[in-house]
Structures are given as structure tokens and as C-alpha cells.
Amino acid sequence: MGGMKSATDLMQDIIFSAVIDSIQAMKAASKGLPNTLLRDLNVVHANVTLADLPEEVQAAIASNVRAAFTRLLKEGYSVMPGRGAMPERRGPAPAPVVGRGQRRAPPPSNSPRGPKPSGPGGRPSGRRGPPKPRD
């Protein structure tokens, strides 16, 4: 009975295989030295990038990504760009919507316009630039 696996079962198999391969690659990168393995494991955190990982782990991840696409196609699933994918964003990010009762954050000090000057009561003073000399 060789029916098609559900997408959930297939993805679970793919991710499990990728995790096991990555752990084995991490062990191989440490060359059997427990302190090196521990150091390499401590590098892994929520904001780690692929470039931060040992070369063996990078290679294992790349290999697993290729194998995952091949397996998805072999199992009869289509892999197409565009559907459900986020469009590529160009230019600056849109400003967040501020609801009633919420305050906007001040612009960052490194923005091209810089922080806004404020007068009494935290409101903009309306004056721009240095004062004009009187005649």
C-alpha cells in the first residue's frame, strides 16, 4: 500500500532528516573534541545565521534543502514560486499603523531628517533653522 504521504508527514520526515544530518555535521566539525562541540553548539541561538555555523553544518543544510525539493517533487507535490510567497519589498518599510491612544516612536537619531525639535510641552516649535538677524 504505497499511497502518497500527507504534506505534514512528508515535511516532518524532511525536517527530521535535516536535524539529524546537522547534528552529525556538528559532531564531525568538532573532530571528536567535546569542548569544540560544546563551543560550536553554544554558537547556535535564535539569531544565528548560516555563515555563523561550521562549514560542515552549512554543507549539510544546503544538501538537505536540495534533497527536500527533490523529494517533494518525487512525492507529487508541486513547488512553485509566487503562490503564498511574500512579494519582494523595494524601498523603505511602510510606517506602522498607529491606533487611537498609541504614540508614535520618535524618529531614530540616525535618520536623514534627525530627531524633531520640540518646544514647550513637547510640541514642535515651528521654527526652522537659525533665527534671522534683525536689522
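Novice: Residues and numbers for the nonpolar core, please.
Specialist: Judged by nonpolar contacts, Ala25, Met26, Leu53, Val57 and Ala60 together constitute the single largest core of five residues. For this core, the secondary-structure elements that each account for two or more residues are α1 (7-29) and α3 (55-74). Residues in contact with Met26, not counting those within four places in the same chain, are Leu37, Asp40, Leu41, Val44, Pro54 and Val57.

Novice: Tell me about the pattern of salt bridges, and name the residues and values.
Specialist: The full count for this structure, using the stated rule, is two salt bridges. For Asp40, the salt bridge identified is with Arg39, shortest N-O distance 3.1 Å. Residue classification places Asp40 among the buried residues on the basis of a relative accessible area of 9%.

Novice: An account of unusual backbone geometry is requested, with residue identities and associated values reported.
Specialist: We note that Lys31 has phi near 55°; this positive angle belongs to a residue other than glycine. By the secondary structure assignment, Lys31 is in the loop between α1 and α2 (34-42).

Novice: Run through the packing of α1 against α2, naming residues and quoting values.
Specialist: Running from N to C, α1 and α2 point in directions that differ by 130°, and their axes come no closer than 8 Å. As far as their axial angle goes, α2 and α1 are oblique. Viewed along their axes, α1 and α2 form a crossing whose handedness is right-handed. Every residue of α2 that contacts α1 at Met26, Lys27 and Ala29 is listed here: Leu37, Asp40 and Leu41. Looking at the contact of α1 with α2 residue by residue, the classes come out as four nonpolar, no polar and two charged.

Novice: Go over α1, please, and point to the residues and values.
Specialist: Look at α1: 32 Å from first C-alpha to last across 23 residues, which is about the 33 Å you get at 1.5 Å a residue. Considered for burial, the residues of α1 that qualify are Leu10, Ile14, Ser22, Ala25, Met26 and Ala29. Against α2 and α3 lie the buried residues of α1.

Novice: Describe in detail the packing of α1 against α3, supporting the description with residues and values.
Specialist: Direction vectors running N to C along α1 and α3 enclose 160°, while the axes themselves pass 8 Å from each other. Between α1 and α3, the angle is such that the two are roughly antiparallel. Here α1 runs over α3; the crossing is right-handed. Here Leu10, Met11, Asp13, Ile14, Ser17, Ala18, Asp21, Ser22, Ala25, Met26 and Ala29 of α1 lie close against α3, whose contacting residues are Glu56, Val57, Ala60, Ile61, Asn64, Ala68, Arg71 and Leu72. Classifying every residue of the contact of α1 with α3 by side-chain character gives 12 nonpolar, three polar and four charged.

Novice: So, α3: which residues are in play, and what are the values?
Specialist: Over its 20 residues, α3 extends 29 Å from the first C-alpha to the last, a length consistent with the 28 Å expected when each residue adds 1.5 Å. Buried within α3 we find Val57, Ala60, Asn64, Ala68 and Leu72. Looking down the long axis of α3, one finds its buried residues gathered within 95° of arc, a one-sided arrangement. When the buried face of α3 is taken as reference, the exposed residues oriented beyond 90 degrees from it are Glu55, Arg66, Thr70, Leu73 and Lys74. Considering only its buried residues, α3 is in contact with α1.

The rules behind each value
Within each chain, residue numbers correspond to sequence positions counted from 1 in written order. The predicted origin of the model limits local features to residues at a pLDDT of at least 70 and limits the giving and counting of side-chain atom pairs to 80 or more, whereas totals for whole chains, interfaces and linings rest on all residues. Side-chain descriptors were evaluated using all non-hydrogen atoms of the structure, hydrogens and water having been removed beforehand. What is meant by a nonpolar core is a set of buried Ala, Val, Leu, Ile, Met, Phe, Trp, Tyr and Cys residues, joined one to another through side-chain atoms within 4.5 Å. For every residue, the accessible area obtained with a 1.4 Å probe (protein chains only) is divided by the maximum for its type, and the residue is called buried under 20%, exposed over 50%, and partly exposed between those limits. Each helix is a run of H or I in the DSSP string that is no shorter than four residues. Each strand is a run of E no shorter than two, and both are numbered from the N terminus. It only takes one pair of heavy atoms within 4.5 Å for two residues to be counted as in contact. Criterion for a salt bridge: a side-chain nitrogen of Lys or Arg within 4 Å of a carboxyl oxygen of Asp or Glu. Throughout, an axis means a line fitted to C-alpha atoms (over the contacting stretch in the case of helices), and angles, computed between N-to-C directions, take values from 0 to 180 degrees. Angles below 35 degrees are treated as roughly parallel, those above 145 as roughly antiparallel, those between 65 and 115 as roughly perpendicular, and all remaining angles as oblique. In this scheme the crossing of two helices becomes right-handed for a clockwise turn of the near helix relative to the far one and left-handed for an anticlockwise turn of less than a right angle. The residue classification treats Ala, Val, Leu, Ile, Met, Phe, Trp, Tyr, Cys and Pro as nonpolar and Asp, Glu, Lys and Arg as charged. All others, Gly included, are polar. Between the first and last residue of a helix there are one fewer steps than residues, each counted as 1.5 Å, and that sum is the expected span. Summarising the geometry, the arc corresponds to the directions from the helix axis toward the C-beta atoms.

Keep in mind these values describe shape, not function.
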